[in-house]
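# Descriptive analysis of the structure
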Amino acid sequence: MNLPRIMLAAPQSGSGKTLVTCGLLQALVNRGIKTASFKCGPDYIDPMFHTKVIGTPSRNLDTFFAPAQTVRYLFARQAAKAEVSVMEGVMGFYDGVAGITTEASSWELADVTDTPVILVVNAKGMSLSVVPLIKGFLEFHPSSHIRGVILNQTSPSMYPELKREIERALPVQVLGCVPRVEDCVIESRHLGLVTPDELEGLRQKLNRLAGILEETLDIDGILKLAESAPDLDCSVPLEVKGITSKRNCFVLPEANVVETGAGKCGSVQSYDRGHRARIAVARDEAFCFYYEDNLDLLRELGAELIPFSPLYDCALPEQAQGILLGGGYPELYAEQLSANTAMLASIRTAIERGVPYLAECGGFMYLHDAMEDMQEHSWPMAGVLHGQVRKTDRLVRFGYITLTANKPQIFGEAGCSIRAHEFHYFDSTDNGNSFHAQKPGRKRNWECMLAGKNFAAGFPHLYYYSNPEFAARFVEKCRKVVL
């Protein structure tokens, strides 16, 4: 497929990738160009900002979570709906798994998708020294994919001379600069950037930034570079062919076992798609961390996803056959969540009568007996899981993991695996031991998650496309619930 695309990457975190990406997306939207956006890696918040700009969900692309062909397929499925696609990198361009590999780095995503890269260089406090910095990134790997450069926090008066020197010395095109824009800075907190809905005047900030970038970036040159991206093989991979079938019933691939990027899982089963499973999905300020491709996969498997708010609603949606409680910031809304006793009772009653549920990170915290807020005040919660959630003074878990089941549970037999990510400052007095977590490239491992025949709950954020049968089994469990 011919899919015009670029990636905005950087030498390190804090270089201004997100700000420049959002400003460029807004400029493209203002030009009337239909745009798709993607975030490299597992981050939830940056895609929320992309989504606010382009008006349609931004997606994560992650080469640890899924095999290369699956990543290309997921990219193309959204990119085909747009005139141009913009990917935002993660961390430093070559920074990958374990900190000493390029696996799951921005570079690996650019390589897997054969995407031209624009390196966003924070040139504050630099002049000619920016040339050897860029040279190092170009030469570190024989195929860097770096075709362009944007100089961030650079004086427009100095820019023409720096552009001349960079293009004279190196085989890259300098595609503009970004001056200091103090009034467009996005604030941060303990899990990263604040969410877009919390920022007053975000639309005005983005349009102001887009106006500046129209003056200081070569947007026509950026579009031309995107159009130079080579055609991409986006065929449907084996592990998702059955799931994307238009038949009323699908069978997961392979004769006796499902092979995925994460490992093997159980025996093949057929899943009836004759009627849809109604799954209630928590979505509000407290629960907003979801991978859009996960939700799409649930829909393709026959789920009807019904949003509800643990903050504002009094009860679960009527006839809910399953519950999905994602991550987010429940610690910021602990008092309000605790005060909504009607919702807590509704969730507790549904789970007591056997409604299947998945709870990740913030959702896991919400189901405990009690949870501390940011001021370390403890608030009563749902009481489904017996234990306390407490604030710590450090990042408890951070990074990719592979989860392997220690026992039979909702997702399958012992030994089935799925890939996931953790990032949390809070901890539980009972993290469970239903799964074994292994960090890639490291010896560190631990037991985690509570799981049974119709539920799984824990701090890990699961990525369903690393083993689609996990999602299929959850939907099938929900479908069997008799209301």
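Scroll up for the structure.
Reference entry: report on the structure contained in this document. Numbering of residues begins from 1 in every chain and follows the order in which that chain's sequence is written. At least 70 in pLDDT is required for a residue's local features to be given in this predicted model, at least 80 for side-chain atom pairs to be given and counted, and no such filter applies to totals for whole chains, interfaces and linings, which use all residues. Each side-chain value is worked out from all heavy atoms of the structure, with water and hydrogens disregarded.

Numbering goes from the N terminus for both helices and strands, where a helix is a DSSP run of H or I of at least four residues and a strand is a run of E of at least two. For the protein, the count of helices and strands is 14 helices and 30 strands. We take the radius of gyration over the C-alpha atoms and set the globule estimate at 2.2 Å times the residue count to the 0.38 power. The C-alpha atoms of the protein give a radius of gyration of 23 Å, which matches the 23 Å a tight globule of 483 residues would have. Based on the C-alpha atoms only, the size of the protein along its principal axes is roughly 70 × 55 × 45 Å. Partly exposed residues are those whose accessible area sits between 20% and 50% of the maximum for their type, while under 20% is buried and over 50% is exposed, using a 1.4 Å probe and protein chains only. For the protein, with 483 residues in total, the buried portion stands at 61%. The contact rule is simple, with two residues in contact once any of their heavy atoms fall within 4.5 Å. Residue pairs in contact within the protein that sit at least 24 positions apart in sequence constitute 74% of those at least 6 positions apart. The positive count covers Lys and Arg only, the negative count covers Asp and Glu only, and His and the chain ends enter neither. Taken as the charge centre is NZ of Lys, CZ of Arg, CG of Asp or CD of Glu, depending on the residue. Averaged over its 48 positive side-chain charges, the protein has a centre that lies 3 Å from the centre of its 56 negative ones.

Turning next to the sheet that holds strand S30 (residues 461-462). When DSSP finds at least two bridges between two strands, those strands are taken to pair. The strand order S27-S26-S23-S24-S30 describes an open sheet built from 5 strands, whose pairing is antiparallel. Strands with a single pairing partner mark the edges of an open sheet, and in this sheet they are strand S27 (445-448) and S30.

On to the packing of aromatic side chains, then. Each aromatic pair joins two rings of Phe, Tyr and Trp (for Trp, the six-membered one) with centres within 6.5 Å, and gets the label stacked for planes under 30 degrees apart, edge-to-face for over 60, and tilted for any other angle. Throughout the structure, instances matching the rule amount to 20 aromatic pairs. With 4.5 Å between their ring centres and 40° between their planes, Phe 64 and Tyr 400 make a pair best called tilted. Taken as a pair, Phe 64 in the loop between strand S3 (59-61) and helix H3 (68-79) and Tyr 400 in strand S23 (residues 397-405) lie far apart in primary sequence, 336 residues in all. Assessed through its relative accessible area of 2%, Phe 64 is described here as buried. An angle of 80° between the planes, with centres 5.1 Å apart, marks the rings of Phe 364 and Phe 459 as edge-to-face. Placement of the pair is Phe 364 in helix H13 (residues 362-366) and Phe 459 in the loop between strand S29 (455-458) and S30, with a sequence separation of 95 residues. Here Phe 364 and Phe 459 have matching classes, each one buried.

Looking now at the pattern of salt bridges. Salt bridge, as used here: a side-chain nitrogen of Lys or Arg that lies within 4 Å of a carboxyl oxygen of Asp or Glu. The full count for this structure, using the stated rule, is 17 salt bridges. Where Asp 293 meets Arg 59, a salt bridge forms, and the shortest distance between an N and an O atom there is 3.3 Å. A residue pair is termed long-range when its members are at least 10 positions apart, and Asp 293 in helix H10 (residues 292-300) and Arg 59 in strand S3 qualify at 234 residues. Using a relative accessible area of 2% as the deciding quantity, one classes Asp 293 as buried. The partner of Glu 469 in a salt bridge is Arg 473, and the shortest N-O contact between them spans 2.5 Å. Placement of the pair is Glu 469 and Arg 473 together in helix H14 (residues 468-479), with a separation of 4 residues, close to one helical turn.

So, on to the side chain of Thr 392. Mapped onto the secondary structure, Thr 392 falls in the loop between strand S22 (385-391) and S23. Contacts described as polar in this section are N or O atom pairs within 3.5 Å, which, within protein, must combine one atom able to donate a hydrogen with one able to accept it, while residues neighboring in sequence count only if both atoms come from side chains. Within the local environment of Thr 392, its side chain forms a polar contact with the backbone oxygen of Arg 394, the two atoms lying 2.8 Å apart. Within polar-contact distance, the side chain of Thr 392 engages the backbone oxygen of Tyr 425 at 2.4 Å. Filtering out sequence-adjacent residues up to four positions away, Thr 392 remains in contact with Tyr 425 and Asp 427.

This part covers helix H4 (residues 106-113). Of all the 8 residues making up H4, 7 are buried; the element is thus mostly covered by neighbouring parts of the structure. All of the buried residues in H4 are Ser 106, Trp 107, Glu 108, Leu 109, Ala 110, Val 112 and Thr 113. Positive backbone phi, at 50°, marks Asp 114, one or two positions downstream of H4.

From the geometry alone we can't say anything about function, so treat these as descriptive.
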